[in-house]
Amino acid sequence: GQSLEQPSEVTAVEGAIVQINCTYQTSGFYGLSWYQQHDGGAPTFLSYNGLDGLEETGRFSSFLSRSDSYGYLLLQELQMKDSASYFCAVREMNRDDKIIFGKGTRLHILP
Amino acid sequence: NAGVTQTPKFRILKIGQSMTLQCTQDMNHNYMYWYRQDPGMGLKLIYYSVGAGITDKGEVPNGYNVSRSTTEDFPLRLELAAPSQTSVYFCASTRQGNYGYTFGSGTRLTVV
């Protein structure tokens, strides 16, 4: 089976940097994705790591370490609009491109 | 480009009623998925499809059925609705080899 662990809540200050961690256990790992979801909205895709290392997309970066079964999402220059839930998701190693989501981290941003 | 369209957006069902949640995508994606999200929780996979005529169970398939007669449409059927099926339902799609899913805006279902 699969399991993903991420903190339930994180609080940071506007303009600061915040890191959201994700550890996973899976029988067949292909890659780690991150999604953002605002209250009442649908999840939107942020990033994907298939290989170890850092992927950067604007203010957001994502990191993966396969040997540690660990990844994180880094948000820089936080803005109030970044207040949302962030989900890590494991892509399973099979033909179906099926992904399993963690329970999400609620990011609170203080002015 | 509409992306993934779900209907209805809201619905209230009585216990024992049935309904179909509609999902259609216009991106020619071969892979489609149904998830449910309970308050404060992550998304649980109900059913998925890798192409027309092919469907498979996810983590929580009991009480649901799906069909995939065309590439565009992937309806989710609830038979004999139960309060435990009160949730927000999301449909998603992707193309084989793509890393990110495109989600619909969701259907908020309440069973009373």
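This report concerns the structure included in the present document.

Parameters at a glance
Residues numbered from 1 in each chain as written. Chains lettered and ligands numbered in written order. Predicted model: local features only at pLDDT ≥ 70, side-chain atom pairs only at ≥ 80, totals over all residues. Heavy atoms only, no water. Core = buried A, V, L, I, M, F, W, Y, C linked by side-chain atoms within 4.5 Å. Buried < 20%, exposed > 50% of the residue type's maximum accessible area, 1.4 Å probe, protein only. 1 Å grid on protein atoms, 1.4 Å probe; cavity = no way out; pocket = protein on both sides within 12 Å on 5 of 7 lines; lining within 4 Å. Points joined across faces, edges and corners; volume = space filled by probe spheres on them. Helix = DSSP H or I, 4+ residues; strand = E, 2+ residues; numbered from the N terminus. Contact = heavy atoms within 4.5 Å. Buried area = accessible area lost by both parts, 1.4 Å probe. Salt bridge = Lys/Arg side-chain N within 4 Å of Asp/Glu carboxyl O. Polar contact = N/O pair within 3.5 Å; in protein donor to acceptor, adjacent residues only side chain to side chain. Nonpolar A, V, L, I, M, F, W, Y, C, P; charged D, E, K, R; others polar.

Here we come to the nonpolar core. Among the nonpolar cores identified, the biggest contains 23 residues, and L4, L32, W34, L75, Y86 and L107 of chain A are the most heavily contacted of them. Of all hydrophobic cores here, the second largest spans 20 residues; its members include M27, F74, L76 and V111 of chain B.

So, on to empty space enclosed by the protein. Residue and element names in this part refer to chain A. Per the stated rule, a full pass over the model turns up one cavity of 30 Å³ or more. When its volume is computed, the largest cavity comes out at roughly 30 Å³. Surrounding the largest cavity, S47, E55, E56, T57, F60, S61, S62 and L73 form its lining. Breaking the lining of the largest cavity down by element, the ones donating at least two residues are β6 (53-57) and β7 (60-65).

Every contact between the two is made by 23 residues of chain B and, on the other side, 20 residues of chain A. Roughly 1800 Å² of surface becomes buried between chain B and chain A when both sides are summed, with 58% attributable to carbon and sulfur atoms. For the interface between chain B and chain A, the tally reads zero salt bridges. At the junction of chain B with chain A, the criterion picks out four residue pairs in polar contact (both at pLDDT 80 or more). Of all the secondary structure elements, the ones that give two or more residues to the side of chain B that touches chain A are β4 (31-37) and β5 (43-51) of chain B. Residue classes in the side of chain B that touches chain A are distributed as 12 nonpolar, eight polar and three charged.

Residue and element names in this part refer to chain B. Note that S49 resides in strand β5. A relative accessible area of 0% means that S49 is categorised as buried. Once residues lying within four places of it in the same chain are set aside, the contact partners of S49 are N30, Y31, M32, I54, T55, R68 and F74.

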